[in-house]
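Inside the fold
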Amino acid sequence: GDILVMDADGQNQMRIAEVKNADGRLSWSPDGKRVAYTRGGKVTFQEPENSGGQKKVYDIFIAYLDSAKSGNTFWWRRLTADLGGRDPEWNPDGTIYFTRDLNANTVNATFPNYQICTMDPDGGNQTILRKDWQTMKEWFMSPTISPKGDIAFVHVYDGKPQGIAVLNKANIMKSTDSVK
C-alpha cells in the first residue's frame, strides 16, 4: 500500500508516500531523489441490460524523498491520468518507460491493449513505441531498460504471458513473428 525505502540491510526505514494503494514495481530516478510507482483503483459499471462488471485501473505517480524527509509523506505527483499507466522504469537519460493500456478508460473494452510507452519525468511527451499498435494482436509490457538501450519486456499473446523478449529501441518495430 504505502511506499517505504530503507538501506540494503533493512535499517533506516522511511515512509516516502502514504497512499494505501501502491501496486506493482517501483523505480528510482537516475538522481536517486524520486521514486516512480503505480497506484491501482477499480471502475465498476453496469450496462443498460444489467450486465457489467468491475475492472482494475492504474496510473503512475512520483514520490519525492526530500518531501518525505521533511515529514510530508502526502506529497506526490500524478504523471498519467488515462487509467492505464503502470510498471514505470526510469531510463538513465531521465525519461520513463512504462506499460499503458490504451483501452483502460473505455468502459466496454473487450480486451486491454498494452503497449510500451515513454514519457518525460513530468508526464509530458507520452509516446507509444510501436507504430502498429492499432492492429497488434500481441502485447509488450513491463519494460526494463539496459544502459545500452535494450528493452526487456514480457511478451503476451494467445491471452497469456509467453516469455521475456529483448529488443533494442531502434528495432522495436521488428515483426511480432520474429519476436516470438
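In the block above lies the structure referred to throughout.
Presented here is an overview of the structure given in this document. This is a predicted model, so every value here is computed, not measured. (Residues numbered from 1 in each chain as written. Predicted model: local features only at pLDDT ≥ 70, side-chain atom pairs only at ≥ 80, totals over all residues. Heavy atoms only, no water.)

**Points about the sheet that holds strand 10 (residues 127-128)**
Read from one edge of the open sheet, 4 strands run 7-8-9-10, paired in antiparallel fashion. Where the open sheet ends on each side, the last strands, each with one partner, are strand 7 (85-90) and strand 10. (Pairing = 2+ DSSP bridges. Helix = DSSP H or I, 4+ residues; strand = E, 2+ residues; numbered from the N terminus.)

**Quick notes on the sheet that holds strand 4 (residues 34-46)**
Reading across from one edge, 3-4-5-6 is the order of the 4 strands in this open sheet, with antiparallel pairing throughout. The outermost strands of the open sheet, each flanked by one partner alone, are strand 3 (22-28) and strand 6 (76-78). Going across the sheet, the axis of each strand differs from the next one's by a mean of 30°, ignoring polarity. When strand 5 (residues 52-64) meets strand 6, the two strands line up antiparallel, connected through 3 bridges. (Axes fitted to C-alpha atoms, helices over the stretch in contact; angles between N-to-C directions.)

**With respect to the environment of Asn-21**
Structurally, the position occupied by Asn-21 is in the loop between strand 2 (14-17) and strand 3. In the structure, Asn-21 is positioned 19 residues away from Asp-2 in sequence and 6.8 Å away in space, judged by C-alpha atoms. Dropping the residues within four chain positions of it, Asn-21 is found in contact with Gly-1, Thr-38, Arg-39 and Gly-40. (Contact = heavy atoms within 4.5 Å.)

**Topic: the pattern of salt bridges**
Here the structure, examined in full by the defined rule, presents 9 salt bridges. Note that Lys-56 and Asp-23 form a salt bridge whose closest N and O atoms lie 3.0 Å from each other. Of this pair, Lys-56 sits in strand 5 while Asp-23 sits in strand 3, and the two are 33 residues apart along the sequence. Notably, a salt bridge pairs Arg-100 with Asp-82, separated by 2.6 Å at the nearest N-O pair. Of this pair, Arg-100 sits in strand 8 (residues 96-101) while Asp-82 sits in the loop between strand 6 and strand 7, and the two are 18 residues apart along the sequence. A network of salt bridges, in which partner residues are shared, links Asp-2, Arg-15 and Lys-20. (Salt bridge = Lys/Arg side-chain N within 4 Å of Asp/Glu carboxyl O.)

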